[in-house]
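Commentary on secondary and tertiary structure
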Amino acid sequence: MALREIRIEGDPILKKVCKPVAEVNDRIRELVKDMLETMYDANGVGLAAPQIGILKRIFVIDVSEEGNEPRVFINPEIVKTWGTQTGDEGCLSIPGKTATVTRPSNVIVRAYDEEMKQFELEGEGLLARAILHENDHLNGRLYIEIADGPIRDLSAPRNE
Ligand code: NI
């Protein structure tokens, strides 16, 4: 396993649309392991492949407090969304920044795991937010493009 370099906003690769994974082989499994390791090392709750320069439709998420519930999504498809939630969001590719983003509060996603087994997952709250945020990365979209208000410094006091 290895830590990969996280691409930062301004890198054109973050604006590209990713390609589906044709086959889940050992190389893809190695990539997924590296993505999880890189995400945990950066204290993130999610990481998408383009953030480490790989234009494939893969993201990983762990929204648990202990950081022991890794979830892997290969070729994810958003099946359904409903409800709304408004809250602050951040991104490992936009360090030190945050902004308020309104998104659906619930999502059903269908994807493949590292064994190329298809699964369906319903997420709500933070998990739904993370799934939709990471899925946007696969389509070259960053949260700052859909933010409700200004992009703020994480250290700055919040304007209510
Ligand atoms: Ni992000």
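In short, a report on the structure. (Residues numbered from 1 in each chain as written. Predicted model: local features only at pLDDT ≥ 70, side-chain atom pairs only at ≥ 80, totals over all residues. Heavy atoms only, no water.)

Side note on the environment of Thr 98
- Examined against the element boundaries, Thr 98 turns out to sit in strand E5 (residues 97–103).
- Classification of Thr 98 as buried rests on a relative accessible area of 8%.
- Spatially, the C-alpha atom of Thr 98 lies 8.4 Å from that of Ile 144, the residues being 46 residues apart in sequence.
- Contacts of Thr 98, omitting those with residues within four sequence positions, involve Asp 88, Glu 89, Tyr 143, Pro 150, Ile 151, Arg 152 and Leu 154.
- At 2.9 Å, the side chain of Thr 98 and the backbone oxygen of Glu 89 are in polar contact. (Helix = DSSP H or I, 4+ residues; strand = E, 2+ residues; numbered from the N terminus. Buried < 20%, exposed > 50% of the residue type's maximum accessible area, 1.4 Å probe, protein only. Contact = heavy atoms within 4.5 Å. Polar contact = N/O pair within 3.5 Å; in protein donor to acceptor, adjacent residues only side chain to side chain.)

What to know about the pattern of salt bridges
- Evaluation of the coordinates by the stated rule reveals 12 salt bridges.
- Residues joined in a network through salt bridges with shared partners are Glu 89, Arg 103, Arg 129, Asp 136 and Arg 141. (Salt bridge = Lys/Arg side-chain N within 4 Å of Asp/Glu carboxyl O.)

With respect to the sheet that holds E5
- Read across the sheet, 3 strands follow the order E4-E5-E8 without closing on themselves; strand pairing throughout is antiparallel. A strand with exactly one partner marks an edge of an open sheet, and here the two such strands are strand E4 (85–89) and strand E8 (152–153).
- Those strands touched by helix H2 (residues 126–138) are E4 and E5, and its axis lies near 65 degrees from that of E4. (Pairing = 2+ DSSP bridges. Axes fitted to C-alpha atoms, helices over the stretch in contact; angles between N-to-C directions.)

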